[in-house]
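Here's the letter readout for the chains.
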Amino acid sequence: MRPQRPQSYRAEAILPRRSNLGEADRIVTLYTREYGKRRAVAKSVRRSKSRLAGHIELFTHVDVYLAVGTNLDVLTQATAIEIFPTMSNDLDRFAKASWAAEVVDRLTLVGEPDPELFALLLATIRLLASEDERRSIHLRQFELHALSRLGYRPHLESCVNCGGGLKEMVNQFSPGLGGVMCHGCDSDGAALTISPSAIKVMRWLESQEIGAAGRLNSNAALDAELERIHTACLNQVLGGMLRSASLLDRSRTHNAARPV
Ligand SMILES: [Zn+2]
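Just so it is clear, the model here is predicted, and its values are computed rather than measured. (Residues numbered from 1 in each chain as written. Predicted model: local features only at pLDDT ≥ 70, side-chain atom pairs only at ≥ 80, totals over all residues. Heavy atoms only, no water.)

Undergrad: Break down the packing of aromatic side chains for me, with residues and values.
TA: Using the criterion set out here, one finds two aromatic pairs in the structure. Consider the rings of Tyr-9 and Tyr-35, whose centres lie 4.7 Å apart with planes at 70°: the pair is edge-to-face. Separated by 26 residues along the polypeptide, Tyr-9 in strand S1 (residues 8-21) and Tyr-35 in the loop between strand S2 (25-32) and strand S3 (36-42) bring together distant segments of the chain. The pair formed by Tyr-9 and Tyr-35 is uniform in burial state, with each residue classed as buried. (Phe/Tyr/Trp six-rings, centres within 6.5 Å; stacked < 30°, edge-to-face > 60°. Helix = DSSP H or I, 4+ residues; strand = E, 2+ residues; numbered from the N terminus. Buried < 20%, exposed > 50% of the residue type's maximum accessible area, 1.4 Å probe, protein only.)

Undergrad: Run through unusual backbone geometry, naming residues and quoting values.
TA: Positive phi, close to 55°, is recorded for Ser-44, a residue that is not glycine. For Phe-59, which is not a glycine, the phi torsion comes out positive at approximately 70°. By the secondary structure assignment, Phe-59 is in the loop between S3 and strand S4 (61-67). The exposure class assigned to Phe-59 is buried, which follows from its relative accessible area of 1%.

Undergrad: Go over the side chain of Lys-37, please, and point to the residues and values.
TA: Checked against the element boundaries, Lys-37 lands in strand S3. A polar side-chain atom of Lys-37 sits 2.6 Å from the main-chain carbonyl oxygen of Asp-105. A distance of 2.8 Å separates a polar side-chain atom of Lys-37 from the backbone oxygen of Thr-108. Those residues in contact with Lys-37, other than ones at most four positions away along the chain, are Thr-29, Leu-30, Tyr-31, Asp-105, Thr-108, Leu-109, Val-110 and Gly-111. (Polar contact = N/O pair within 3.5 Å; in protein donor to acceptor, adjacent residues only side chain to side chain. Contact = heavy atoms within 4.5 Å.)

Undergrad: Explain the pattern of salt bridges to me, using residue names and the numbers behind them.
TA: For the structure shown, the criterion picks out 23 salt bridges. For Asp-63, the salt bridge identified is with Arg-10, shortest N-O distance 3.1 Å. With Asp-63 in strand S4 and Arg-10 in strand S1, the pair connects residues that are 53 residues apart, well separated along the chain. Where salt bridges share partners, they join Arg-140, Glu-143, Glu-227, Asp-249 and Arg-252 into one cluster. (Salt bridge = Lys/Arg side-chain N within 4 Å of Asp/Glu carboxyl O.)

Undergrad: Describe the nonpolar core, with residues and values.
TA: Counting 48 residues, the largest nonpolar core has Met-87, Trp-99, Val-103, Phe-142, Ile-194 and Met-202 as the members making the most contacts within it. Looking at this core, the elements that each hand over two or more residues are helix H1 (91-107), helix H2 (115-129), helix H3 (135-149), helix H4 (196-207), helix H5 (220-238) and helix H6 (244-257). For Val-103, the residues in contact, after removing those within four places along its chain, are Phe-142, Ala-146, Leu-234 and Leu-242. Of all hydrophobic cores here, the second largest spans 17 residues; its members include Val-28, Val-62, Leu-75 and Ala-78. (Core = buried A, V, L, I, M, F, W, Y, C linked by side-chain atoms within 4.5 Å.)

Undergrad: So what's going on with the coordination of the zinc ion? Which residues, and what values?
TA: Taken together, Cys-159 (SG), Cys-162 (SG), Cys-182 (SG) and Cys-185 (SG) make up the full set of protein donors to the zinc ion, lying 2.2 to 2.4 Å away. Every donor residue of the zinc ion comes from the same chain, spaced as C-x2-C-x19-C-x2-C. The pair Cys-182 / Cys-185 is uniform in exposure class, with both members buried. (Donors = N, O, S within 2.8 Å, 3.2 Å for Na, K, Ca; no water.)

Purely spatial values, then, with no claim about function.
The following block contains the structure:
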């Protein structure tokens, strides 16, 4: 049974999104362990004396008190449990964390708790903020786990179209049908090619605990292939692109321009 929400309540949250409201307020989207997604107003938080301000940075793991409002709740107290300072000065980390947070934000409804999804997002943000440079593959593992939890697990065991076995060769991935399609089946026009290695890695990532991706022997070509397939899969599920896509593109351009 879902916990009953009293007039004011406390929750452990991550902040996937915030926007300005009026002169001094912000609207924050909170993904909470106890109550799922919530939207709240943080009043006067853009004024210099605000006690809340430092605690509601994006992706911060935070302890919050909220008062139930008619449309939006009101954030009355926030205390950071864990901050991720590396996010604010590293565009790649920031873009990837935005991507993960947006997946959760866009694929969940307000007020549907899923503590495991909360734990998955938090673990992923920690990995993205850490020294571990294998951020792409960590993000791919997050996507597979999140899609599975939310009921959009890609089918990887056999051909999603004809049910036949998959040969050790380049096959297809159909975002529309939600899985791998054998070489023999006609492409639905939107199908991408998928290598045997990519299928194996996707199966492995799905079966392993979050964080295990750091042990994977991957390479840039495989990383790019997985990103292409996962992004097509997410775009299909969301019915459009993630807003964070442009941020990721910017971070790539930025990295490419960096002197070596
Ligand atoms: Zn087939």
